[in-house]
2 protein chains.
Amino acid sequence: MAIPRAAKTQRRTRIQEEKEEIILEAALDVFSVSGFRGSTIDQIAEVAGMSKPNLLYYFRTKEAMHRALIDRVLFTWLEPLRAFDANGNPESEIRSYIRRKLEMARDFPRESRLFANEMLQGAPHVEDELRGPLKSLVDEKVEVIRTWAQAGKIAKCDPYHLIFSIWSTTQHYADFDVQVRAVLGPEHSGEGRFEDAARYLEQLFVDGLRIRGPRA
Amino acid sequence: MAIPRAAKTQRRTRIQEEKEEIILEAALDVFSVSGFRGSTIDQIAEVAGMSKPNLLYYFRTKEAMHRALIDRVLFTWLEPLRAFDANGNPESEIRSYIRRKLEMARDFPRESRLFANEMLQGAPHVEDELRGPLKSLVDEKVEVIRTWAQAGKIAKCDPYHLIFSIWSTTQHYADFDVQVRAVLGPEHSGEGRFEDAARYLEQLFVDGLRIRGPRA
DNA sequence: TGTAATGTTTACCAATCGGTCAAATTATCC
DNA sequence: GGATAATTTGACCGATTGGTAAACATTACA
């Protein structure tokens, strides 16, 4: 008798590891474009190259697949912020945070879109994670930024909105990719647009945070 | 015999105007949360408070409803950018553009989310509008900004990415509203967050664009 | 190599999907 | 007030949805 999801053996089979990976990969393809409600198990099964019941053998419901995916993505999504170092140099920390977030937008656009889709729908599946781990981490980094500002290392600013603006500007290049390409035109839609964005954003944020000297 | 959508009379009935308005309002509610694929005619019909066939009497297909909605939203979405005045003062023009966009995020979050949903899905229904009218308008304003920079009125910067960053930061407060509220916590989730955002963003962009004098 | 656990497939289900149709109801205008 | 056009509804359709049952195939391990 088949017992899905290794309930009996505790240890996961080689096949389980492989297939679950393939499924989550396919699920990411589909969910990131159509959102939870707009995606179907059949679509995912087709992308994964296996039958629907086979897929449901590994993840018993559509919700289960989505949850597994969200958990994984949320973790990597927060990586750059976690790397934000209180002991580093403010300017270079912000610079590399922007760079890291832009690299994620370039290298993992599906993950970014999955997350964006979830937010647009009111975060029905991750509200707890937002209020818990996410808020805690942000609060922690906000304190760092505040300390920097009080020490006169950077200009005073609202740290929450600073973080929001870095999130939104960087993720924009993943989530609104079609729009960016359409506006830039085919001649500027190569991968170079990420370098242009990095240059622009670093200038924007670093200059914006520099302590302003005697007015020009 | 009933001829849908006033094919015969040319002029639209009072009832037609009213009902189409109610339907589009309901459709905005639903589409903005679940996207096109994830929304159902039944949902919209329920929100609109009428039967499904009745709804389909005014809009023959789900696509027709979505298109009518997109056309309307795209127009108002571009209003602030259209208002961007080449003859105005650069600093105050950018300031009021940011303010206008933030007001839209506050007052029309569903419209912003509808648009974001469409972008996430690869803009299957509006790619032409992006490449055509949108790109033209942006190109026009990019020239304005470029002229300002060349005249030494503002710092040099990539005008395209400047516009992208204003779009993304302002729309963030509509599209990622749940996240913003979760991170700010219940005590800062009142309408005041838009004022805080406005203050922060105006400072960020205006300072970032000020010609920098002798270094501080 | 045998066998028990694991993995896969075919056939199927009830619910929901987008959409149609004809009949019933209501508004409009002379 | 009656005819005519406009509106609304309930019953229905085939396709698709998320998910199940059980037979079948494969793997792992003694």
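What counts and what doesn't
Residues numbered from 1 in each chain as written. Chains lettered and ligands numbered in written order. Predicted model: local features only at pLDDT ≥ 70, side-chain atom pairs only at ≥ 80, totals over all residues. Heavy atoms only, no water. Axes fitted to C-alpha atoms, helices over the stretch in contact; angles between N-to-C directions. Helix = DSSP H or I, 4+ residues; strand = E, 2+ residues; numbered from the N terminus. Parallel < 35°, antiparallel > 145°, perpendicular 65-115°, else oblique. Contact = heavy atoms within 4.5 Å. Nonpolar A, V, L, I, M, F, W, Y, C, P; charged D, E, K, R; others polar. Salt bridge = Lys/Arg side-chain N within 4 Å of Asp/Glu carboxyl O. Buried < 20%, exposed > 50% of the residue type's maximum accessible area, 1.4 Å probe, protein only. Disulfide = S-S within 2.5 Å.

Residue and element names in this part refer to chain B. Taken N-terminus to C-terminus, the directions of helix H8 (residues 159-175) and helix H9 (residues 177-184) make an angle of 85°; their axes are 5 Å apart at the nearest point. Here H8 is positioned roughly perpendicular relative to H9, judged by the angle of their axes. Within the contact between the two elements, H8 uses His-172, Tyr-173, Ala-174 and Asp-175 and H9 uses Asp-177, Gln-179 and Val-180. The class makeup of the residues in the contact of H8 with H9 is three nonpolar, two polar and two charged.

As enumerated under the stated definition, the model contains 40 salt bridges over all chains in all. With a shortest N-O distance of 3.5 Å, Lys52(A) and Asp42(A) are connected by a salt bridge. Here Lys52(A), found in helix H3 (residues 52-58), pairs with Asp42(A), found in helix H2 (residues 41-48); they are 10 residues apart in sequence, far enough to count as distant. The exposure class assigned to Lys52(A) is partly exposed, which follows from its relative accessible area of 34%. Where Glu140(B) meets Lys141(B), a salt bridge forms, and the shortest distance between an N and an O atom there is 3.5 Å. The exposure class assigned to Lys141(B) is buried, which follows from its relative accessible area of 5%.

Turning next to the state of the cysteines. Throughout the structure, instances matching the rule amount to zero disulfides over all chains. This cysteine, Cys157(A), is not joined by any disulfide, and Cys157(B) carries the nearest cysteine sulfur, 20 Å off. Classification of Cys157(B) as buried rests on a relative accessible area of 18%.

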